[in-house]
Amino acid sequence: MKKSIIFLALISFFWSCDEDFLEEKPEDFLSSANAFNTYADFTASVNNMYFLVRRQFYNRDENRPFDFLYGTDLVFDGEPGGTQRHGNMVQAYDPAGDIATTHWNLLYKNISEANTVIELAPQSEMTEEEIKDIISQARFFRGFAYNVLVTLYGGVPIVTDAITEPKIDFVRNTREEVLNQVIDDLTFAAANLPSIGEAQDGRINDLVALHYLGEAQLALGNTTEAIAALSTVINSGDTGLMTERFGTRSNEEPGDVFWDLFRRGNQNRSSGNTEALWVIQFETDVQGGGLQSGSRGGSYPFERHFGPLLRFAPFNSWPVGDYTGGRGIGWGITTEYYTNTVWGGDDSNPDFVNDIRNANHNFVRVFNKDNSSALAILAEEIGRDTVWSTETQPRIREFYAFPTKVTTPYNHPDGLLRNSDVPYALTSSAGGTYTDQYMVRLAETYLLRAEAYLANSQPQLAADDINVVRNRANASLVEAGDVTLDYILDERVRELGLEEKRRLTLMRTNTIYERVMDYNPFYVENGMQPHFNLWPIPADEIEGNRGAELVQNPGYN
């Protein structure tokens, strides 16, 4: 009744107004027609697209960014029982659940933002050069978002126009149609974005677009086109793997070039890093940078998830910002596959010892108290062959091997250090990882092109690309006859473990079910099923789409 009264009052008010008032158009009324005019207006919208990527993959909250790592072959949940880290897989992938819904919404939000910019930019006050700059970025983000969507959900509705009124009749396009949209957007972006040498740190550029273009072409089976796009990135003259020590801590030992790649201040081209293609910026104590030196808020809680919880004697000074993992809490425990199998099994294998990516300062197995060698505890002593057992998880959560790329040994911000007698003792606010993060670096481009060469029946060229990466790591070289998709996926673990968005790689290659079944008994015990190679279409999208049928993926209710 109250609503009816208000409605009648409003009708009475407007009927009592004269006609001139009804025709008035206030100049300060904000709408899409006047909110997007200048280059600054459009740049603000484009900046939000960068923000949405960072939010999706790095800092939305404590769990959702890690949906791309949990539920794969790399780690399992050290504190099981819920869906936060995919511990109950059937519940985690419920169509009404948070995982599928959150990522769908964030991706379509980026698409919506991009569509508005693409539609309105040509009508604005901007110069032709400014219009090209804005639209090329918007089309990159639209193509990028659709590439992630098609990988996670399969065919999804393609929307390329700004939606200005309610729409409830979406239908799914095919996977091939979505990938073709991705290719169209990224082709435009690659041709119009600035070169990597011109783009400022953190900004997308032509080579980033070409990397993802190659990935989309490969997903569509266009191996020749994929090779061409990826070769342009590799042969550009502006890129190259880092092969010599560099950057802020290059004089410290132990260390090597792989260790240098992940130290604070070393991720961007401005630091001399020619391997970085797209780096997500996490400036500390800079307005809008996302991080505060005395807080975990806004950070990528990489350390928190994947560093062990070393709070038992003799590590009773936990947390300490050294090689014990900072303020890790042992949620993401490395599988036996990631810890040992992928490196060759044990130290009788030369690669286990010689591959710098597996050196103790890069992948910690020996934990030293107070930065000395007086006490060394080997992870094997507590039974690495039973890490997935729920009976051993309370202890395993406190003690397991982990890669130091998730933390910053001896280099946490001063604001996180306690005033105590323990060197590098951390406050309870620690747990974030205070480095900029690689979204893409050139080593991944080499491994992606190796995959394309293999699919194109050119195993020797695939081996050559893999060996560029392995040679930098001082690992033995692979023979062409030994190159398989599984080998490439293994090499991605050695080079990119916990850094790449592993779920996207395994879903794109349609291997997540078999890899989990082979290498992650925890998720086998907790409900892994073949149809999890795609996530469900969110239930609220299906229920709200009353004007047409939005078909659910097979296997989901």
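The structure we're discussing is the one just above.
Residues numbered from 1 in each chain as written. Predicted model: local features only at pLDDT ≥ 70, side-chain atom pairs only at ≥ 80, totals over all residues. Heavy atoms only, no water.

Novice: Sorry if this is basic, but what is going on with unusual backbone geometry here?
Specialist: If a residue is not glycine, its phi is most likely negative; likewise, a peptide bond is most likely trans. Looking along the chain, the bond that leaves Glu253 and enters Pro254 is cis, with omega of 0°. Following the sequence through the fold, Pro254 ends up in the loop between helix H10 (223–234) and helix H11 (257–261). Trp318 connects to Pro319 through a cis peptide bond whose omega is 0°. Within the chain, His86 stands out as a residue other than glycine whose phi angle is a positive 65°. Here His86 lies in the loop between strand S1 (75–77) and helix H5 (89–92). The phi dihedral of Leu498 is positive, around 65°, even though this residue is not glycine. Mapping Leu498 onto the fold places it in the loop between helix H18 (485–496) and helix H19 (502–508). Residue Leu498 is classed as buried on the basis of its relative accessible area, which comes to 1%. (Helix = DSSP H or I, 4+ residues; strand = E, 2+ residues; numbered from the N terminus. Buried < 20%, exposed > 50% of the residue type's maximum accessible area, 1.4 Å probe, protein only.)

Novice: How should the packing of helix H4 (residues 39–59) against helix H7 (residues 128–153) be read in this particular structure?
Specialist: Contact pair H4 / H7: the axes reach a minimum separation of 10 Å and the direction vectors enclose 25°. By the angle between their axes, H4 is roughly parallel relative to H7. As H4 runs across H7, the sense of the crossing is left-handed. Side by side, H4 and H7 meet where Tyr39, Phe42, Thr43, Val46, Met49, Tyr50, Val53 and Phe57 of the first sit next to Glu130, Asp133, Ile134, Gln137, Ala138, Phe141, Phe144 and Val148 of the second. (Axes fitted to C-alpha atoms, helices over the stretch in contact; angles between N-to-C directions. Parallel < 35°, antiparallel > 145°, perpendicular 65-115°, else oblique. Left-handed = near helix turned anticlockwise from the far one by under 90°. Contact = heavy atoms within 4.5 Å.)

Novice: Hey, could you run me through H10 in this one?
Specialist: Residues three or four positions apart in an α-helix share a direction because the helix packs 3.6 residues into each turn. If you check H10, its first and last C-alpha atoms are 16 Å apart, about what 12 residues at 1.5 Å a residue would give, namely 16 Å. Listing the buried residues of H10 in full gives Thr223, Ala226, Ile227, Ala229, Leu230, Ser231, Val233 and Ile234. The secondary structure elements touched by the buried residues of H10 are helix H9 (206–219), strand S2 (276–280) and helix H16 (442–455). (Expected span 1.5 Å × (residues − 1).)

Novice: What am I meant to see in the packing of helix H17 (residues 459–472) against H18 here?
Specialist: Geometry of a packed helix pair, given as the angle between the helix axes and the separation of the axes. At a minimum axis distance of 11 Å, the contact between H17 and H18 shows a crossing angle of 30°. Classified by the interaxial angle, the pair formed by H17 and H18 is roughly parallel. Seen along the crossing, H17 lies across H18 with a hand that is left-handed. Of H18, the residues touching H17 (which contributes Ile466, Val469, Arg470 and Arg472) are Tyr487, Ile488, Glu491, Arg494 and Glu495. Across the contact of H17 with H18, the residue classes tally to 4 nonpolar, no polar and 5 charged. (Nonpolar A, V, L, I, M, F, W, Y, C, P; charged D, E, K, R; others polar.)

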